[in-house]
Amino acid sequence: NFRNHDIPITPDIWLVMLYLREKDGVTQSFLCTSTYKDKAWMNRTIGKMEAEELVLRRKGKDDLREKRVFLTVKGHTKSDIIRTGRMQFVQSAFQ
């Protein structure tokens, strides 16, 4: 549980951040398929992330209906902090 270990993020947001760390600029549809989440869930989650300035949504170049999602500098920084905290948690669990 993230909150029990002072990691300031929800598991839903972390899931999306993991995918964006691997492939930044993917479509919302790709994220839905990759995470097995529906479009409404993804839209709400990305909306929360936008409010926290973790991601940006941009229209696609070829298809303006398409929305691509990018991690911001703040999103990358927070992701790095969380990854470090998560690794410390995992290492402490095996000591």
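Predicted model only: the values in this text are computed from it and were never measured.

Further remarks concern the packing of aromatic side chains. Across all of its chains, the model carries zero aromatic pairs by this definition. Sitting above the plane of the Trp41 ring, Lys37 keeps its charged end 4.8 Å from the centroid.

Moving on to the environment of Gly75. Structurally, the position occupied by Gly75 is in helix α4 (residues 73-93). Along the primary structure Gly75 and Met17 are separated by 58 residues, whereas in three dimensions their C-alpha atoms are 7.8 Å apart. Excluding residues that lie within four positions of it along the chain, Gly75 makes contacts with Met17, Glu53 and Leu54.

On to the environment of Leu18. Relative to the helices and strands, Leu18 is located in helix α1 (residues 11-22). Since its relative accessible area comes to 34%, Leu18 is described here as partly exposed. For the pair Leu18 and Ser79, spaced 61 residues apart in sequence, the C-alpha to C-alpha distance is 8.1 Å.

Let us look at the side chain of Thr35. Looking at the element boundaries, Thr35 is found in helix α2 (residues 28-35). Contacts of Thr35, omitting those with residues within four sequence positions, involve Leu15, Tyr19 and Met42.

What follows deals with the sheet that holds strand β3 (residues 67-71). The three strands lie next to each other as β1-β3-β2, forming an open sheet whose pairing is antiparallel. Edge positions in the sheet fall to β1 (26-27) and β2 (55-59), since each has one partner strand and no second. Where β1 and β3 come together, two bridges link them in antiparallel fashion. Note that in β3 the partner of Thr27 across the bridge is Arg68. Across the sheet, α1 is in contact with β1, β2 and β3; its angle to β3 comes to roughly 90°.

It is worth spelling out the packing of α2 against helix α3 (residues 39-51) at this point. When two helices pack together, their arrangement is given by the angle between their axes and by how far apart the axes lie. Two elements in contact, α2 and α3, have axes separated by 9 Å at closest approach and are oriented at 115°. With respect to their mutual orientation, α2 and α3 come out roughly perpendicular. Our pair here, α2 against α3, has a crossing hand that is right-handed. Residues Gln28, Leu31, Cys32 and Thr35 of α2 pack against Lys39, Met42, Asn43 and Ile46 of α3. Broken down by class, the residue content of the contact of α2 with α3 amounts to four nonpolar, three polar and one charged.

Between α1 and α3, the least distance of the axes is 10 Å, while the angle of their chain directions is 90°. Judged on the interaxial angle alone, α3 and α1 are roughly perpendicular. Every residue of α3 that contacts α1 at Asp12, Ile13, Leu15, Val16 and Met17 is listed here: Trp41, Met42, Thr45, Lys48 and Met49. Across the contact of α1 with α3, the residue classes tally to seven nonpolar, one polar and two charged.

Thresholds, definitions, all that
- Residues numbered from 1 in each chain as written.
- Predicted model: local features only at pLDDT ≥ 70, side-chain atom pairs only at ≥ 80, totals over all residues.
- Heavy atoms only, no water.
- Phe/Tyr/Trp six-rings, centres within 6.5 Å; stacked < 30°, edge-to-face > 60°.
- Lys NZ or Arg CZ within 6 Å of the ring centre and 35° of its normal.
- Helix = DSSP H or I, 4+ residues; strand = E, 2+ residues; numbered from the N terminus.
- Contact = heavy atoms within 4.5 Å.
- Buried < 20%, exposed > 50% of the residue type's maximum accessible area, 1.4 Å probe, protein only.
- Pairing = 2+ DSSP bridges.
- Axes fitted to C-alpha atoms, helices over the stretch in contact; angles between N-to-C directions.
- Parallel < 35°, antiparallel > 145°, perpendicular 65-115°, else oblique.
- Left-handed = near helix turned anticlockwise from the far one by under 90°.
- Nonpolar A, V, L, I, M, F, W, Y, C, P; charged D, E, K, R; others polar.

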